[in-house]
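# Architecture and fold: a report
Here are the chains, one letter per residue:
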Amino acid sequence: MTEAKEESLGCPVDSVARAAARMILRTARYGALALTDAHSDAPLVARVGVATDTDGKPVMPISSLSGCRESMGRDGRAALLLGQPGKGDPLAHSRVALNGIVLRVEGSDYERVRRRYLMRHPQAEPYIDFEDFAMWRLEITTASFIAGLGSAYTLKCSDLETQCADWAGWHAMEASAVEHMNQDHGEATRLYATMFCGGADGNWRVTGLDPDGIDMALGDDHRRYAYDAPLTQARELRPMLVELASRAREQSEIA
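Remember, predicted model here, so these are calculated numbers, not experimental data.

Definitions and cut-offs
- Per-chain numbering applies: the sequence of each chain, read as written, is numbered from 1 onward.
- A pLDDT threshold of at least 70 governs which residues receive local features in this predicted model, and a stricter bar of 80 or more applies before side-chain atom pairs are shown or counted, although totals over entire chains, interfaces and linings include all residues.
- Excluding hydrogens and water, the side-chain figures rest on all heavy atoms present in the structure.
- Think of it in three bands: with a 1.4 Å probe and only protein chains considered, a residue is buried below 20% of the maximum accessible area for its type, exposed above 50%, and partly exposed in between.
- Secondary structure elements follow DSSP: runs of H or I no shorter than four residues count as helices, runs of E no shorter than two count as strands, and numbering proceeds from the N terminus.
- Following DSSP output, two strands are said to pair if at least two bridges run between them.
- Here, the term nonpolar core denotes a set of buried Ala, Val, Leu, Ile, Met, Phe, Trp, Tyr and Cys residues that are joined through side-chain atoms within 4.5 Å.
- Contacts are assigned to residue pairs with any non-hydrogen atoms lying within 4.5 Å of each other.
- Axis angles are defined between N-to-C directions and span 0 to 180 degrees, where every axis is a line fitted to C-alpha atoms and, for a helix, only to the segment in contact.
- Only rings of Phe, Tyr and Trp enter the pairing, Trp through its six-membered ring, and a pair is recorded when the two centres are within 6.5 Å. The plane angle decides the type: under 30 degrees is stacked, over 60 is edge-to-face, the rest tilted.
- Ring-over charges, as used throughout, are those where CZ of Arg or NZ of Lys falls within 6 Å of the ring centre and within 35 degrees of the ring normal.
- By definition, a salt bridge exists where a carboxyl oxygen of Asp or Glu is found within 4 Å of a side-chain nitrogen of Lys or Arg.

The subject of this paragraph is the pairing of strand 5 (residues 77-82). Taking every second residue as pointing to the same face, the buried face of strand 5 carries Ala 78, Leu 80 and Leu 82, while none of Arg 77, Ala 79 and Leu 81 on the other face is buried. Bridge count between strand 5 and strand 6 (residues 95-104): six bridges; the pairing is antiparallel. In the sheet register, Leu 82 faces strand 6, and the bridge partner there is Val 96.

Structure representation (structure tokens):
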């Protein structure tokens, strides 16, 4: 009886809920990482800086001096709470709680993850390569999304994960595409941020490109534009950026 009542409290997951939860995940710059202490089995929680890999999985640098690394390596189980409180009741603001396994990022994935983290957190560059630091990724199993008081959703990994039929092609071109946008198309980026995302006027920079959208930053103000429909191939990115720039210019002329 109790289980049925608790289950009924969850809202049906729809495209609006998925999009809102993904936006929190993709724009979060920090979170609370929960682990089980390797020595005492007591709960352990730490604030961590976060970014996302191209597929939307959270990534974070962790120092062996933090006390977390041994617990992370024990069995990998972890939870990560993301969400930015605002004015008023903090419980009225949306947040996402992710459950999964943390894995150390190594091999060919490391440089991509490191670069994407530094684009989100350039202030981490002086210490991210210290010997005691390593990059970790949370492989999501389940999640809960609280959209506000009385509005809760239970999510699967597939509700949050970005899919792409051409990851090899995407990973081969993303870094150069970000650099190209920032060197040669600053005006287009400014228009994306101001016309589509409500950002203030300024020197906006692209911090990441993925099949679902564009991440941009102006200082500590981070915004994301999500495409109307996800891209499936790397070759679709350039036409999409050109189309968005044209649409944004038209919108700026009307405004």
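What follows picks up the thread again.
Grouped together as the largest cluster of nonpolar side chains are 27 residues, with contacts concentrated most on Leu 33, Met 60, Leu 80, Leu 82, Leu 98, Phe 145 and Leu 160. Elements with a contribution of two residues or more to this core: helix 2 (15-27), strand 1 (30-36), strand 4 (58-63), strand 5, strand 6, strand 7 (133-148), strand 8 (151-156) and helix 5 (157-160). When residues of this core are assigned to their parent elements, the largest contribution, six residues, is made by strand 7. Every residue in contact with Leu 80, bar those within four places of it in the chain, is listed here: Gly 31, Ala 32, Leu 33, Val 48, Val 50, Pro 58, Met 60, Val 96, Ala 97, Leu 98 and Leu 138. Core analysis: the second largest hydrophobic core is formed by 23 residues, Met 181, Tyr 192, Tyr 225 and Leu 241 among them.

Time to look at the sheet that holds strand 11 (residues 221-226). Spatially, 9-10-11 is the arrangement adopted by the three strands of the open sheet, whose pairing is antiparallel. Two strands lie at the open edges of the sheet, namely strand 9 (205-210) and strand 11, each paired on one side alone. For this sheet, the mean inter-axis angle between neighbouring strands, taken without regard to orientation, is 20°. Relative to strand 10 (residues 213-218), strand 9 runs antiparallel, the two being bridged by five bridges. If you follow Arg 205 over to strand 10, its bridge partner there is Ala 217.

Right, let's get into the packing of aromatic side chains. Inspection of every chain in the model, using the stated rule, returns five aromatic pairs. Three or more aromatic residues joined by ring pairs make a cluster, and in this case those are Tyr 192, Phe 196, Tyr 225 and Tyr 227. Residue placement shows Arg 47 over the ring face of Tyr 30; its charged tip is 5.4 Å from the ring centre.

Inspection of the secondary structure puts Glu 125 in the loop between helix 4 (108-120) and strand 7. When the C-alpha atoms of Glu 125 and Arg 115 are compared, they prove to be 9.8 Å apart, with 10 residues separating the residues in sequence.

The subject of this paragraph is the pattern of salt bridges. Using the criterion set out here, one finds 24 salt bridges in the structure. A salt bridge links Asp 212 to Arg 22; the shortest N-O distance between them is 2.8 Å. Of this pair, Asp 212 sits in the loop between strand 9 and strand 10 while Arg 22 sits in helix 2; the two residues are 190 residues apart in sequence, bridging distant segments of the chain. Its relative accessible area of 13% is what places Asp 212 among the buried residues. Given the relative accessible area of 23%, Arg 22 is considered partly exposed. Arg 104 is paired through a salt bridge with Glu 106; the nearest N and O atoms lie 4.0 Å apart. Overall, the relative accessible area of 42% leaves Arg 104 in the partly exposed class. The exposure class of Glu 106 is exposed, given its relative accessible area of 55%.

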